[in-house]
Amino acid sequence: MAENLIVTMGDLRRAGICAAGARRWFPLHGFDFRDFLKNGIAAERLLATDDPFARRAVEEARKRVSNG
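These notes cover the structure that comes with them. Just so it is clear, the model here is predicted, and its values are computed rather than measured. (Residues numbered from 1 in each chain as written. Predicted model: local features only at pLDDT ≥ 70, side-chain atom pairs only at ≥ 80, totals over all residues. Heavy atoms only, no water.)

## Let's talk about the overall build of the protein chain
Here is the rule we go by: A run of H or I in DSSP counts as a helix once it spans at least four residues, and a run of E counts as a strand once it spans at least two, with each numbered from the N terminus. Our radius of gyration is a C-alpha quantity, and the globule rule it is checked against amounts to 2.2 Å times the number of residues to the power 0.38. What makes two residues a contact is simply this: any of their non-hydrogen atoms within 4.5 Å. Every accessible area reported is derived by Shrake-Rupley at a probe size of 1.4 Å, with residue values counting cover from the shown protein chains alone. This count recognises Lys and Arg as positive and Asp and Glu as negative, with His and chain-terminal groups excluded. Charge placement uses NZ in Lys and CZ in Arg. For Asp and Glu, CG and CD serve respectively.
If you tally the helices and strands in the protein chain, you get 5 helices and 2 strands. Going from N to C terminus, the protein chain has its helices and strands arranged as β-α-α-α-β-α-α. By the compact-globule yardstick of 11 Å for 68 residues, the protein chain fits well, its C-alpha radius of gyration being 11 Å. In terms of overall dimensions, the protein chain has C-alpha extents of about 30 × 20 × 20 Å along its principal axes. A fraction of 66% describes how many contacts in the protein chain between residues 6 or more apart in sequence connect residues 24 or more apart. Total accessible area on the protein chain is roughly 4300 Å²; 50% of this is exposed by carbon and sulfur atoms. Averaging the locations of the 12 positively and 9 negatively charged side chains of the protein chain gives two centres separated by 7 Å.

## Considerations on the side chain of aspartate 51
The line we're drawing: Buried means the residue's accessible area, taken with a 1.4 Å probe over protein chains only, is under 20% of the maximum for its type, while exposed means over 50%, and partly exposed covers the values in between. Whenever Lys or Arg places a side-chain nitrogen within 4 Å of a carboxyl oxygen from Asp or Glu, that contact is recorded as a salt bridge.
Its place among the elements puts aspartate 51 in the loop between helix H4 (43-47) and helix H5 (52-66). Summary of buried charges: aspartate 51 has no salt-bridge partner, and the nearest side chain of opposite charge, arginine 55, is 6.7 Å away. Excluding anything up to four places from it in sequence, aspartate 51 contacts Trp25 and His29.

## Describing helix H2 (residues 19-28)
Defined as follows: By definition, the arc is the one covered by directions from the helix axis to the C-beta atoms.
Taken together, the buried positions of H2 are occupied by Gly21, Ala22, Trp25 and Phe26. What you see down the axis of H2 is that its buried residues fit within an arc of 130°, all on one side. Away from its buried face, by an angle of more than 90 degrees, H2 presents the exposed residues Arg24 and Pro27. If you follow the buried residues of H2, they end up packed against helix H1 (9-14), helix H3 (33-39), strand E2 (41-42), H4 and H5. Of the residues one or two after H2, glycine 30 is the one with positive phi, at around 80°.

## Overview of the pattern of salt bridges
As enumerated under the stated definition, the model contains 4 salt bridges in all. Aspartate 50 is the salt-bridge partner of arginine 55, the closest N and O atoms lying 3.1 Å from each other. Owing to a relative accessible area of 59%, aspartate 50 belongs among the exposed residues under this scheme. Shared partners join several salt bridges into a network, and the residues in it are Asp11, Arg14 and Arg64.

Structure follows, in structure tokens:
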């Protein structure tokens, strides 16, 4: 479940996604990369892209939250 889960840059890094790749990917899906760096992004928004990149990032965010 991704309700209220916020994905951060740290989650992307743990998923093996570099900042340069994320910077290019975000606008392709209508997301503001600077806002993401400041506030994170809702997992639901990422999952709605149905993209493997997004699924990996959300999985890392779930791990982070479940590990406390």
